[in-house]
Amino acid sequence: DELRASIRQSAERGQAHTSQEVNQLNADLSALYSSVASLEKEWQLQEADQITKCRHEASEDMQQCCVKLDTLESRMVTVEGASAKIADIADELLQVRTELTPLQDGVREVQHLSDLVKRVQEQEQISTSRLEVQGDVLKESRSESAALADELRASI
């Protein structure tokens, strides 16, 4: 009986000890659940703040993109206008080139005629120089002929 009483006491102490451990584990588990719930709530708040922040940043990025898009569209209109003007200028240049071709031909012809006039003037100058030399020779011959004629008259 003593042994039974001792075993019973040991079992009761063990049960009390186990009961205390279970109570402690339940308290720890309850504290853990409370901590998890608190962390979950904090995480949800942080997540909501992060989502709000991301939405705000995305909104700002979207606005900047819209401004850039508007700027690009404006530039595109400017470029298209400039392209049209360039095409008009190119057409005008082509027209001017077409009109210049006969003028260039005329300038070439005038240059050719100018070259011919220079050659004629050079030939005239050469001929004039020759004529002057021949005139001087002729004058000298006349002078000699006159002197000879004077001598001939004097001797007659």
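Presented here is an overview of the structure given in this document. (Residues numbered from 1 in each chain as written. Predicted model: local features only at pLDDT ≥ 70, side-chain atom pairs only at ≥ 80, totals over all residues. Heavy atoms only, no water.)

1. Points about the overall build of the chain
When you go through the chain residue by residue, the secondary structure sums to one helix and zero strands. At 63 Å, the chain has a C-alpha radius of gyration far larger than the 15 Å of a compact globule built from 156 residues. Taken over the C-alpha atoms alone, the chain extends approximately 210 × 40 × 20 Å along its principal axes. Counting over 156 residues, the chain shows a buried share of 0%. (Helix = DSSP H or I, 4+ residues; strand = E, 2+ residues; numbered from the N terminus. Rg over C-alpha atoms; globule rule 2.2 N^0.38 Å. Buried < 20%, exposed > 50% of the residue type's maximum accessible area, 1.4 Å probe, protein only.)

2. Here's the deal with the pattern of salt bridges
Between side chains of opposite charge, a pair can form when the charged atoms approach closely. Inspection of every chain in the model, using the stated rule, returns two salt bridges. Here D105 and R108 are joined by a salt bridge, their closest N and O atoms 2.6 Å apart. Taken together, the residues D105 and R108, both in helix 1 (residues 2–155) and three residues apart, mark about one turn of the helix. Residue R108 is classed as exposed on the basis of its relative accessible area, which comes to 52%. (Salt bridge = Lys/Arg side-chain N within 4 Å of Asp/Glu carboxyl O.)

3. Describing the environment of L25
With respect to the element layout, L25 can be found in helix 1. Among the residues examined, L25 registers a relative accessible area of 57% and is labelled exposed.

4. Topic: a nonpolar patch on the surface
Taken together, L29, L32, Y33 and V36 make up a surface patch of nonpolar side chains, about 400 Å² in accessible area. Inspection of the secondary structure puts L32 in helix 1. (Patch = residues over 30% accessible without salt bridge, like charges linked within 9 Å, V, L, I, M, F, W, Y side chains within 5 Å. Areas by Shrake-Rupley, 256 points an atom, 1.4 Å probe, with all protein chains shown as cover.)

5. A look at a negative patch on the surface
On the surface, E132, D136, E140 and E144 cluster together into a patch of negative charge. Assignment of secondary structure puts D136 in helix 1. A relative accessible area of 48% places D136 in the partly exposed class. (Lys, Arg positive; Asp, Glu negative; His and termini not counted. Charge placed at Lys NZ, Arg CZ, Asp CG, Glu CD.)

6. Structural notes on the environment of E47
By the secondary structure assignment, E47 is in helix 1. Look at E47 and you get partly exposed, because its relative accessible area is 35%. Sequence spacing of E47 and T78 is 31 residues, and the spatial spacing of their C-alpha atoms is 46 Å.

7. What to know about the state of the cysteines
Applying the stated criterion across every chain, the model contains zero disulfides. As a non-bridged cysteine, C65 has C66 as the owner of its nearest cysteine sulfur, 7.1 Å distant. Judged by relative accessible area, which is 48%, C65 ranks as partly exposed. On the accessibility criterion, C66 (39% relative accessible area) is partly exposed. (Disulfide = S-S within 2.5 Å.)

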